[in-house]
Amino acid sequence: MSTLTQEALELNRLVLEEITSKWTLLVLGHLCGGPMRFNALRRANDGITQRALTKCLRRLEASGFVKRSVVSTAPVAVMYAISPLGRSLEPHLRALLQWVDEHRDAIKTAQCAFAAQGPNERSL
């Protein structure tokens, strides 16, 4: 990794924090498939609350990853679409999500084995 100033490192940390927050990668993954309405996104991300999805979409819009548009239908609909900046993240996002699919069982096994250890078996 190249030598970065403290300011650049902090900015990198903030961007990484933004794109790795709890629901962000999953929401972006769904939007890579095409524009979606709010409720469709909520259904696609089982377990997300309305408040959490709203906050996630606002952060993504503020950071330029997502575009929000109001469709003048009856009733009025709000559509979310991936922006060009968000689209540039897509190959990396897909690779990361594929890695998770391939390794989640191994991670779950490791977590169970760790949890089964007594506190005296863990070394510092």
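Please read these numbers as outputs of a predicted model, since none were measured by experiment.

With respect to the confidence of the model for the protein chain
Mean pLDDT for the protein chain: 91, with 95% of residues reaching 70 or above. Confidence, read as mean pLDDT per element, is least for helix α1 (residues 6-19) in the protein chain (91) and greatest for helix α4 (residues 50-62) (96).

Details of the pattern of salt bridges
Within the structure shown, the criterion is met by 6 salt bridges. For arginine 13, the salt bridge is made with glutamate 17, and the minimal N-O distance between the two is 2.7 Å. A residue pair is termed a helical-turn pair when its members lie 3 or 4 positions apart in one helix, as arginine 13 and glutamate 17 do in helix α1 at 4 residues. For glutamate 17, a relative accessible area of 48% gives the class partly exposed. Each of Glu10, Arg13 and Glu17 takes part in a single network of salt bridges with overlapping partners.

Looking at the nonpolar core
Among the nonpolar cores identified, the biggest contains 21 residues, and Val27, Leu28, Leu31, Leu41 and Leu57 are the most heavily contacted of them. Listed by contribution, the elements that provide at least two residues to this core are α2 (24-31), α3 (38-44), α4, β3 (77-82) and α5 (84-116). For leucine 41, the residues in contact, after removing those within four places along its chain, are Val27, His30, Leu31, Met36, Leu53, Leu57 and Tyr80.

What counts, and at which threshold
The residue numbers shown here count from 1 along each chain, following its written sequence. Side-chain atom pairs in this predicted model are given and counted only at pLDDT of 80 or more, local residue features only at pLDDT of at least 70, and totals for whole chains, interfaces and linings cover all residues. Hydrogens and water are ignored here; the side-chain numbers use all heavy atoms of the structure. The score called pLDDT rates the predictor's confidence residue by residue, from a low of 0 to a high of 100. Numbering of helices and strands starts at the N terminus; helices are DSSP runs of H or I of at least 4 residues and strands are runs of E of at least 2. Within this document, salt bridges are pairs made up of a side-chain nitrogen of Lys or Arg and a carboxyl oxygen of Asp or Glu, the two lying within 4 Å of each other. For the exposure calls, accessible area comes from a 1.4 Å probe over protein chains only, and a residue counts as buried if that area is under 20% of its type's maximum, exposed if over 50%, partly exposed in between. Nonpolar core, defined: a set of buried Ala, Val, Leu, Ile, Met, Phe, Trp, Tyr and Cys residues in which side-chain atoms within 4.5 Å join the residues together. Any pair of residues with heavy atoms lying within 4.5 Å of one another is described as a contacting pair.

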